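Commentary on secondary and tertiary structure
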Amino acid sequence: MSSQSPAPSPVPPPSEGEPRKLRVAVVFGGRSSEHTISVVTAGAVLRAIDREKYDVLPIGITGDGRWALTADEPDRMAIQGRELPSVEGLAESDEGSVLLPVDQGNREVVYAEPGAVPKALGEVDVVFPMLHGPYGEDGTLQGLLELSGVPYVGAGVLASAVGMDKEYMKRVFVSFGLPVGPYEVIRPREWEKDPAAARKKIVDFAGQHGWPVFVKPARAGSSIGISKVDDISGLEEAIEEARRHDPKIVVEALLRGREIECGVLEFEDGPRASVPAEIPPVSTHDFYDFEAKYIDSADGVVPAPLTEEQTERVRELAVRAFEATSCEGLVRADFFLLDSGEFVINEINTMPGFTPISMYPRMWQESGVSYPELVDRLIQAALRRPTGLR
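Keep in mind that this is a model prediction, so the values were computed, not measured.

Let us now look at the pattern of salt bridges. Across all of its chains, the model carries 32 salt bridges by this definition. What you see here is one network of salt bridges that share partners, running through Glu146, Glu266, Glu328, Arg385 and Arg390.

Here it is in structure tokens:
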């Protein structure tokens with residue numbers, strides 16, 4: 001939009017004697033390759049949040065990192081066919097920036113445009129960060145909010161960082177006795193120092209565990225940058241694609257079995273697991289990649305057709321993964337149910353998608369928690385806990 005857009009107005013104060021609504025800043029977009037999915041997720045939350053209970057301040061982060069005041073128009077935040085939304089398309093101004101407080105005693109949000117007097121937008125009681133990937137889901141935004149003393153939905157700094165980095169996530173799982181599949185890591189310095197040795201490391205891994213292997217960015221989600229490599233001829237292209245999103249890559253062996261997911265939600269008495277879901281094989285895609293998830297709408301089966309014993313086992317493992325990584329608020333835990341009958345945890349997602357076809361809200365819907373109640377429970381869980389060490 002034009003930078004000549006009118007400056008936003010602060011939320012009007014409540015009438016005399018009327019209690020002030022809690023103010024929720026929904027922050028979305030961001031600098032990662034998951035920018036679009038963050039916008040779509042935030043649109044779903046804005047559509048569902050109880051406006052009788054909460055005032056809402058939508059704040060989008062552009063691809064270059066500018067914090068922009070955005071239109072509160074959830075319908076414009078959905079995927080239209082194959083057209084993907086962005087913060088740039090929703091911003092009230094091409095230049096205006098939203099400034100969060102950076103001291104504990106101040107929760108006043110300010111809006112500033114070049115050459116204009118900054119405008120106070122009112123206090124924020126809690127932030128709902130709907131960011132996916134680096135620079136938002138990885139502990140960076142959470143650290144800023146900790147410095148500001150503003151409560152926020154979801155995992156803290158450590159859990160967010162661990163949940164973003166597939167290498168350290170797996171290391172934590174192993175240390176807590178959770179079963180993980182075979183993997184190898186190629187760090188940036190290894191690749192920069194000796195690419196041939198790094199390639200050999202992957203080929204040796206495939207020789208030990210068999211082709212195909214999956215080559216992934218270590219710190220990305222939504223299946224972005226992931227390649228299934230059937231033999232050595234496809235390895236170079238897969239490495240380049242993964243490194244385009246992250247200089248550190250993870251290589252994983254193919255696990256033959258069923259893909260099972262389970263949601264964890266923080267209740268007043270602690271975390272509980274949802275009914276699990278199954279991601280069936282996608283006939284039009286080689287694996288459950290970005291387009292299968294968000295464009296072509298691959299359907300998950302909720303609840304997963306598991307035995308009672310299998311259901312209880314995966315729910316137990318999901319909560320154990322939540323606790324092992326010191327998570328808060330919510331987690332989606334992804335598993336493989338191997339042909340042997342063993343569950344292996346693949347990864348957790350500390351801020352899973354909330355799009356209309358996303359598995360996390362669907363699992364909780366089937367578990368008796370509606371979408372609006374899910375959003376409300378996450379906000380209330382954030383308000384219950386303090387910022388800082390806990």
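Looking at the protein chain as a whole, its pLDDT mean stands at 90, while 91% of the residues score no less than 70. Contacts from residues 1-7, a stretch scored under 50 in pLDDT, to residues over four places away or in other chains number 16 contacts. Within the model, the stretch residues 293-297 combines pLDDT values under 50 with 19 contacts to residues more than four positions away or in other chains.

Turning next to the pairing of strand S16 (residues 343-349). Of all 7 residues in S16, 7 are buried, a share of seventy percent or more. Across 6 bridges, strand S15 (residues 330-338) lies against S16 in antiparallel orientation. Note on S16: the bridge partner recorded for Leu337 is Phe343. What sits between S15 and S16 in their antiparallel hairpin is a turn of 4 residues, with Gly341 showing a positive phi close to 95°.

Attention shifts here to the packing of aromatic side chains. In total, this model carries 4 aromatic pairs according to the counting rule given. Here the aromatic rings of Phe354 and Tyr360 are separated by 5.9 Å at their centres, their planes lie at 50°, and the arrangement is tilted. Like Tyr360, Phe354 is buried. Their ring planes at 85° and their centres at 5.9 Å tell us that Phe354 and Tyr371 sit as a pair that is edge-to-face. Of this pair, Phe354 sits in the loop between S16 and helix H10 (359-366) while Tyr371 sits in helix H11 (residues 371-384), and the two are 17 residues apart along the sequence. There is no split in this pair, since Phe354 and Tyr371 are both buried. Three or more aromatic residues joined by ring pairs make a cluster, and in this case those are Phe354, Tyr360 and Tyr371. One residue, Arg31, lies across the ring of Tyr135, its end atom 4.0 Å from the ring centre.

Bringing unusual backbone geometry into the picture now. Along the chain, Trp211 connects to Pro212 via a cis peptide bond; the corresponding omega equals 0°. Within the secondary structure, Pro212 is located in the loop between helix H6 (195-209) and strand S9 (213-217). The peptide bond linking Val302 to Pro303 adopts the cis configuration, its omega dihedral lying at -5°. For Pro303, the position within the fold is in the loop between helix H8 (290-295) and helix H9 (308-324). Unusually for a residue other than glycine, Tyr135 sits at a positive phi of about 65°. Within the secondary structure layout, Tyr135 lies in the loop between strand S7 (126-129) and helix H2 (140-148). In this model, Ser326 sits at a positive phi of 60°, which is unusual for a non-glycine residue. Position of Ser326 among the secondary structure elements: in the loop between H9 and S15.

Moving on, we come to the nonpolar core. Core analysis: the biggest nonpolar cluster contains 35 residues, and Val26, Phe28, Phe128, Met130, Phe354 and Ile379 have the highest contact counts within it. Only strand S1 (22-29), helix H1 (35-48), strand S2 (54-61), S7, strand S12 (257-267), H10 and H11 provide two or more residues apiece to this core. Once you skip the residues sitting within four places of it in the chain, Ile379 turns out to touch Val24, Ile49, Tyr54, Val126, Phe128 and Val153. Grouped together as the second largest cluster of nonpolar side chains are 27 residues, Phe173, Ile260, Ala321 and Leu337 included.

The subject of this paragraph is the side chain of Lys166. With respect to the element layout, Lys166 can be found in helix H4 (residues 166-175). For Lys166, a relative accessible area of 5% gives the class buried. In this structure the side chain of Lys166 is engaged in a polar contact, spanning 2.5 Å, whose partner is the backbone oxygen of Ala220. Beyond its immediate stretch of four places on either side in the chain, Lys166 contacts Lys216, Pro217, Ala218, Ala220, Val250 and Glu347.

Reading the values: the criteria
- Numbering of residues begins from 1 in every chain and follows the order in which that chain's sequence is written.
- Note on the predicted model: pLDDT of at least 70 is required for a residue's local features to be given, and 80 or more for side-chain atom pairs to be given and counted; whole-chain, interface and lining totals, by contrast, use all residues.
- Hydrogens and waters are ignored; side-chain quantities use all the structure's heavy atoms.
- Salt bridges are defined as contacts in which a side-chain nitrogen from Lys or Arg sits within 4 Å of a carboxyl oxygen from Asp or Glu.
- As a per-residue measure, pLDDT tells how confident the predictor is, with possible values from 0 to 100.
- Working rule for contacts: check all heavy atoms of both residues, and any pair within 4.5 Å makes them a contact.
- Per-residue accessibility, obtained with a 1.4 Å probe over protein chains only, is compared with the maximum for each type, and a residue is labelled buried under 20%, exposed over 50%, and partly exposed between these values.
- Secondary structure elements are taken from DSSP: a helix is a run of H or I of four residues or more, a strand is a run of E of two residues or more, and numbering for both begins at the N terminus.
- At least two DSSP bridges between two strands are required for those strands to pair.
- Aromatic pairs are defined between Phe, Tyr and Trp rings, using the six-membered ring for Trp, whenever the two ring centres lie within 6.5 Å; interplanar angles under 30 degrees are classed as stacked, those over 60 as edge-to-face, and all others as tilted.
- As a reminder, the over-ring test applies to NZ of lysine and CZ of arginine, requiring each to be within 6 Å of the ring centre and within 35 degrees of the ring normal.
- By nonpolar core we mean a set of buried residues, namely Ala, Val, Leu, Ile, Met, Phe, Trp, Tyr and Cys, connected to one another through side-chain atoms within 4.5 Å.
- Pairs of N or O atoms are called polar contacts if they sit within 3.5 Å, as long as, within protein, a hydrogen donor faces a hydrogen acceptor (for residues adjacent in sequence, only side-chain-to-side-chain pairs).

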